[in-house]
Amino acid sequence: MSQDGGSQEVLRTREEDGVLTLWLSRPEKRNALNGALVEALSRELATAGDREEVRVVLLRGEGPDFCAGADLAELEETMDQDREESLADARRLGDLLLAMRNHPRPVVAAVHGRALAGGCGLATACDLILARADAEFGYPEVHLGFVPAMVMAILRRKVTEGRAFELVTLGQRISAAEAREMGLVNRVLVPEVFDQEVGDFGRELARRPPSALKLTKALLYELGDLSFREGIERGAQVNVEARMTPACREGVRRFLRKGPGTKA
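Residues numbered from 1 in each chain as written. Predicted model: local features only at pLDDT ≥ 70, side-chain atom pairs only at ≥ 80, totals over all residues. Heavy atoms only, no water.

A. Looking closely at the packing of aromatic side chains. Under the defined criterion, the tally for this structure stands at zero aromatic pairs. Seen from the ring of Tyr221, Arg101 lies directly overhead, with NZ or CZ sitting 3.7 Å from the centre. (Phe/Tyr/Trp six-rings, centres within 6.5 Å; stacked < 30°, edge-to-face > 60°. Lys NZ or Arg CZ within 6 Å of the ring centre and 35° of its normal.)

B. Fine view of a nonpolar patch on the surface. Together, Leu72, Leu144 and Phe146 give the surface a local cluster of nonpolar side chains, amounting to about 330 Å² of exposed area. Turning to its location among the elements, Phe146 is positioned in the loop between strand S8 (136-138) and helix H5 (152-158). (Patch = residues over 30% accessible without salt bridge, like charges linked within 9 Å, V, L, I, M, F, W, Y side chains within 5 Å. Areas by Shrake-Rupley, 256 points an atom, 1.4 Å probe, with all protein chains shown as cover. Salt bridge = Lys/Arg side-chain N within 4 Å of Asp/Glu carboxyl O. Helix = DSSP H or I, 4+ residues; strand = E, 2+ residues; numbered from the N terminus.)

C. View of the packing of helix H9 (residues 210-222) against helix H10 (residues 228-243). Viewed as axis vectors pointing N to C, H9 and H10 meet at an angle of 175°, and their least axial separation amounts to 11 Å. Taken together, H9 and H10 sit at an angle that is classed as roughly antiparallel. In contact with Leu215, Leu219 and Glu222 of H9, H10 contributes Arg234, Gly235, Val238, Glu241 and Ala242. In terms of residue class, the contact of H9 with H10 is made up of four nonpolar, one polar and three charged. (Axes fitted to C-alpha atoms, helices over the stretch in contact; angles between N-to-C directions. Parallel < 35°, antiparallel > 145°, perpendicular 65-115°, else oblique. Contact = heavy atoms within 4.5 Å. Nonpolar A, V, L, I, M, F, W, Y, C, P; charged D, E, K, R; others polar.)

D. Main features of the sheet that holds S8. Judged by pairing direction, the sheet is mixed, and its three strands sit side by side in the order S6-S8-S9 without closing on themselves. The sheet is open, and its two borders are formed by strand S6 (114-116) and strand S9 (174-175), each paired with just one other strand. With two bridges connecting them, S8 and S9 associate as antiparallel partners. Within S9, the position partnered with Glu136 by the bridge is Ser175. (Pairing = 2+ DSSP bridges.)

E. Here's a closer look at the packing of helix H1 (residues 35-49) against helix H3 (residues 83-102). Remark: H1 packs on H3, axes separated minimally by 10 Å, with the N-to-C direction vectors making an angle of 30°. Of the possible angle classes, the one that applies to H1 and H3 is roughly parallel. In the crossing of H1 with H3, the sense of the turn from one axis to the other is left-handed. Note on element contacts: H3 touches H1 through Arg92, Leu93, Leu96 and Met100, opposite Val38, Leu41, Ser42 and Leu45. A breakdown of the residues in the contact of H1 with H3 according to their chemical character gives six nonpolar, one polar and one charged. (Left-handed = near helix turned anticlockwise from the far one by under 90°.)

F. Representation of H9. Over its 13 residues, H9 extends 18 Å from the first C-alpha to the last, a length consistent with the 18 Å expected when each residue adds 1.5 Å. Residues of H9 that are buried make contact with H3, strand S5 (107-111), helix H8 (194-206) and H10. (Expected span 1.5 Å × (residues − 1).)

G. Up close: the environment of Gly231. Here Gly231 lies in helix H10. Remark: the alpha-carbon pair of Gly231 and Arg91, spanning 140 residues in sequence, is separated by 29 Å. The residues touching Gly231, leaving out its near neighbours within four places in the chain, are Leu223 and Leu226.

H. Just a negative patch on the surface, in detail. On the surface, Glu74, Glu76, Glu77 and Asp80 cluster together into a patch of negative charge. Within the fold, Glu74 resides in helix H2 (residues 72-77). (Lys, Arg positive; Asp, Glu negative; His and termini not counted. Charge placed at Lys NZ, Arg CZ, Asp CG, Glu CD.)

I. Expanded view of the nonpolar core. The biggest cluster of nonpolar side chains holds 47 residues, and the ones touching the most others in it are Leu41, Leu59, Phe66, Met100, Val111, Leu122 and Phe137. With sequence-adjacent residues up to four places away left out, Leu59 is seen in contact with Leu22, Leu24, Leu41, Phe66, Met100, Val108, Ala109, Ala110, Leu122 and Cys126. Core analysis: the second largest hydrophobic core is formed by 13 residues, Val19, Val56, Leu58 and Val108 among them. (Core = buried A, V, L, I, M, F, W, Y, C linked by side-chain atoms within 4.5 Å. Buried < 20%, exposed > 50% of the residue type's maximum accessible area, 1.4 Å probe, protein only.)

J. Spatial organisation of the pairing of strand S7 (residues 128-132). Relative to S7, S5 is paired through four bridges, and the arrangement is parallel. Bridging from a neighbouring strand, Ala109 pairs with Ile129 of S7. Note: S7 against strand S10 (residues 187-189), three bridges, orientation parallel. Note that in S10 the partner of Leu130 across the bridge is Arg187.

K. Molecular detail of the pattern of salt bridges. By the definition in use, this model includes 23 salt bridges. Glu161 is the salt-bridge partner of Arg156, the closest N and O atoms lying 2.3 Å from each other. By relative accessible area, which is 44% here, Arg156 ends up partly exposed. Take Glu161: its relative accessible area is 53%, and that puts it in the exposed class. Arg207 is paired through a salt bridge with Glu204; the nearest N and O atoms lie 2.6 Å apart. With relative accessibility at 33%, the residue Glu204 sits in the partly exposed group.

Here you go:
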């Protein structure tokens, strides 16, 4: 079953087989992030988190690029704001990145074309990145005297500090293959089968028990703020939470009914 719609003309949605696809829909602006798009993404993510039928959120871009960064025309309009107004504006994007990180569902970016500056940050904030082989990534903000500030909290957790420093200070574009080598991208897919493999990946992930995915994602990111001892203790607590879910109980019983040698 599929369903098309959209909360804003800047964002198009499609739901099929447990996968909610959010299409950045400003192709004439290379899907540049403006206030309306950030607001629409935040709203759709909040709604998706409350809907049991949504098991995976897939983020894509319409047109030739995934997302070319912030809408610089809109950014220029904010430069005469006072500090408090500017801080409130910046926090709206920060809140979106936090919502993606804390979302109960896996959030996957399928990147084609260019993912630059804020667009690269948006992809980096996703749990997984699938990249078309000819995609380009980069944080070129330094060339404008700007800083990819908020996303660095996530970037330095995904790649080494040295790699992160290189990306944000040189501001060079890198290929999908280079992004995968440094740990930013999970899979590189050839253009001819990109759409098909992105769809297959989303549906495969959606077949996993939602309760297990939710607990796994939350624990994985929580561990970054805990000591080793605290991490083991938190893991024990999550172990118990998982055992008590209907999905785990049914999964264990189903495995035992199938007998030895059966794949999970």
